[in-house]
Amino acid sequence: MIGLVFRVFGYFLGFSALGLGGLYGYVSFQAGVPASGKEFFRTQPNRPLVIAHRGGGGQFPENTLYAFEESAKLGVDILELDVHETADGELVVLHDRKVNRTTDGDGEIRAMTLEQSQKLDAAFDFSTDGGTTFPMRGKGVRIPTLKEVFAALPDNRFNIEMKPESETISTKLCAIVRERGLAERVIVASTSRTNLDNFRAACPEVATSGSFSEVTKFLVYQKTGLGESYSPAMNAIQTPVRLRSFDFVTADYIEKAHKLNLQIHVWTINDPGEMKRLIDLGVDGIMTDYPERLLSLRK
């Protein structure tokens with residue numbers, strides 16, 4: 001009886017291996033369909049793109065109108081920011097779920113009305129000397145709405161990350177982008193595949209980056225020799241360079257992405273030596289808290 005069980009198990013493993021081998025063979029012969037072209041990427045003379053992470057949060061109070069305006073003056077290519085919904089449905093620019101880290105307030109932004117959030121000092125904890133001084137406190141720096149940022153900087157390009165998974169955030173963002181006529185100046189990101197699927201359905205003309213699951217799928221395809229069989233729904237892969245000791249942004253990774261009309265944007269790079277290495281490697285964009293460093297290096 002035991003012998004029969006082992007034979008059946010052996011047959012099962014054999015058939016499974018054949019099935020997986022057949023599936024691998026099938027996928028390997030499929031040509032991936034390149035990402036659709038978007039106006040956001042039509043004109044891109046500068047390489048790599050200098051993307052001011054949270055508006056340049058190492059140099060300025062992050063995700064504030066002040067930061068975006070100062071980084072724009074420096075000449076960055078893209079302003080990166082994060083959006084949340086308030087209790088009364090407004091899209092505001094903030095990275096964290098709670099306001100505690102960057103403001104003088106306490107609690108979740110989704111539990112606050114816009115009016116309540118506007119009373120907070122968004123530069124309260126900003127310091128460039130490790131917390132010895134806080135030069136922007138009490139200067140009237142608020143959590144901005146997305147509409148305010150767009151109104152103040154209509155000629156800039158934006159990388160907007162939808163932070164919470166929500167049934168409404170995607171359609172609200174799409175409506176504001178269209179209302180402001182910025183479809184060609186925006187790329188939208190989220191770790192949530194649901195958010196991105198909803199946004200792509202609502203605003204198919206706007207460029208998007210990959211969700212966590214989409215980027216993971218491309219990585220698996222690339223590492224198993226199937227990178228050119230992948231058909232992306234996104235236009236860019238925005239990713240850290242490594243996870244722990246696993247370095248996955250390599251020359252081959254970039255080459256496979258480029259064959260599928262995908263750009264590679266890496267985050268968050270603040271060391272000039274690492275910036276230079278990634279420029280030489282051929283990445284398309286670098287997100288940094290210190291855009292002035294990258295701008296100087298690119299020159």
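Quick summary incoming for the structure in this document.

Calculation notes
Residues numbered from 1 in each chain as written. Predicted model: local features only at pLDDT ≥ 70, side-chain atom pairs only at ≥ 80, totals over all residues. Heavy atoms only, no water. Helix = DSSP H or I, 4+ residues; strand = E, 2+ residues; numbered from the N terminus. Buried < 20%, exposed > 50% of the residue type's maximum accessible area, 1.4 Å probe, protein only. Areas by Shrake-Rupley, 256 points an atom, 1.4 Å probe, with all protein chains shown as cover. Arc of directions from axis to C-beta. Contact = heavy atoms within 4.5 Å. Phe/Tyr/Trp six-rings, centres within 6.5 Å; stacked < 30°, edge-to-face > 60°. Lys NZ or Arg CZ within 6 Å of the ring centre and 35° of its normal. Pairing = 2+ DSSP bridges. Polar contact = N/O pair within 3.5 Å; in protein donor to acceptor, adjacent residues only side chain to side chain. Axes fitted to C-alpha atoms, helices over the stretch in contact; angles between N-to-C directions. Parallel < 35°, antiparallel > 145°, perpendicular 65-115°, else oblique. Left-handed = near helix turned anticlockwise from the far one by under 90°. Nonpolar A, V, L, I, M, F, W, Y, C, P; charged D, E, K, R; others polar.

Secondary structure summary: the protein contains ten helices and eleven strands in total. Taken across its 299 residues, the protein has 48% of its residues classed as buried. A total accessible area of about 14,500 Å² is found for the protein, and carbon and sulfur atoms account for 55% of it.

As a further point, take the environment of A251. If you trace the backbone, A251 turns up in helix α8 (residues 251-259). A residue is classified by how much of its surface remains accessible, and A251, at 47% relative accessible area, is partly exposed. Residues A251 and L281 lie 30 residues apart in sequence; the distance between their C-alpha atoms is 6.1 Å.

For helix α10 (residues 291-298), the complete set of buried residues consists of P291, L294 and L295. Along the axis of α10, the buried residues cluster in a sector spanning 100°; they form a single face. Those residues of α10 that are buried lie in contact with β1 (49-52), α2 (65-74), α9 (272-281) and β11 (285-288).

Turning our attention to the packing of aromatic side chains. All told, the structure shown has seven aromatic pairs when counted by the stated rule. Centroid distance F40 to F41: 5.0 Å. Interplanar angle 85°. Geometry classified as edge-to-face. One exposure class covers both F40 and F41, and it is buried. Following the ring pairs from residue to residue traces out a cluster consisting of F218, Y221, Y230, F248 and Y253. When the ring centre of F124 is taken as origin, the NZ or CZ atom of R137, which lies over that ring, is 3.8 Å away.

Here the focus is the pairing of strand β4 (residues 158-162). Summarising burial for β4: five of the five residues are buried, a large majority. Of the pairings in the sheet, the one linking strand β2 (residues 78-85) to β4 comprises five bridges and is parallel in character. Looking at β4, one finds that E80 is bridged to N159. With four bridges joining them, β4 and strand β5 (residues 186-189) adopt parallel strand pairing. From the neighbouring strand, F158 faces β5, where its bridge partner is V186.

In this section: α9. For the α-helix, the turn length of 3.6 residues means that residues three or four positions removed from each other point alike. Buried within α9 we find E274, M275 and L278. All buried residues of α9 lie within an arc of 105° about the axis, which places them on one face of the element. In the core, the buried residues of α9 are packed alongside β8 (242-243), β10 (263-267), β11 and α10. Two to three positions downstream of the cap, the backbone nitrogen of G273 sits 3.2 Å from a side-chain oxygen, assigning the N-cap of α9 to D271. Of the residues one or two after α9, G282 is the one with positive phi, at around 105°.

Our focus in this paragraph is the pairing of β2. Here β2 lies mainly inside the structure; eight of its eight residues are buried. A two-sided burial pattern is seen for β2, the buried positions comprising I78, E80, D82 and H84 on one face and L79, L81, V83 and E85 on the other. Here two bridges tie β1 to β2, and the two strands are oriented parallel to one another. Within the sheet, the bridge partner assigned to A52 lies in β2 and is L79. Hairpin connection between β2 and strand β3 (residues 91-93): a loop of five residues separates the two successive antiparallel strands, and G89 in this loop has a positive phi of roughly 85°.

This part is about the side chain of Q238. In this structure, Q238 sits in strand β7 (residues 236-240). Within the structure, the side chain of Q238 is placed 3.0 Å from the side chain of H265, a separation counted as a polar contact.

Take unusual backbone geometry next. Cis geometry is adopted by the peptide bond preceding T268, which originates at W267 and carries an omega value of -25°. Tracing the chain through its elements places T268 in the loop between β10 and α9. Positive phi, normally seen in glycine, also occurs at R54, with a value near 55°. Looking at the secondary structure, you find R54 in the loop between β1 and α2. Take R54: its relative accessible area is 15%, and that puts it in the buried class.

Moving on to the packing of helix α5 (residues 169-179) against helix α6 (residues 193-202). At a minimum axis separation of 8 Å, α5 and α6 run at an interaxial angle of 40°. If you check the angle between α5 and α6, you find them oblique. Once α5 is placed against α6, the crossing between them reads as right-handed. When α5 is examined against α6, the residues I169, S170, T171, L173, C174 and R178 are found in contact with a partner set consisting of N195, N198, F199 and A202. Per-class residue counts for the contact of α5 with α6 are five nonpolar, four polar and one charged.

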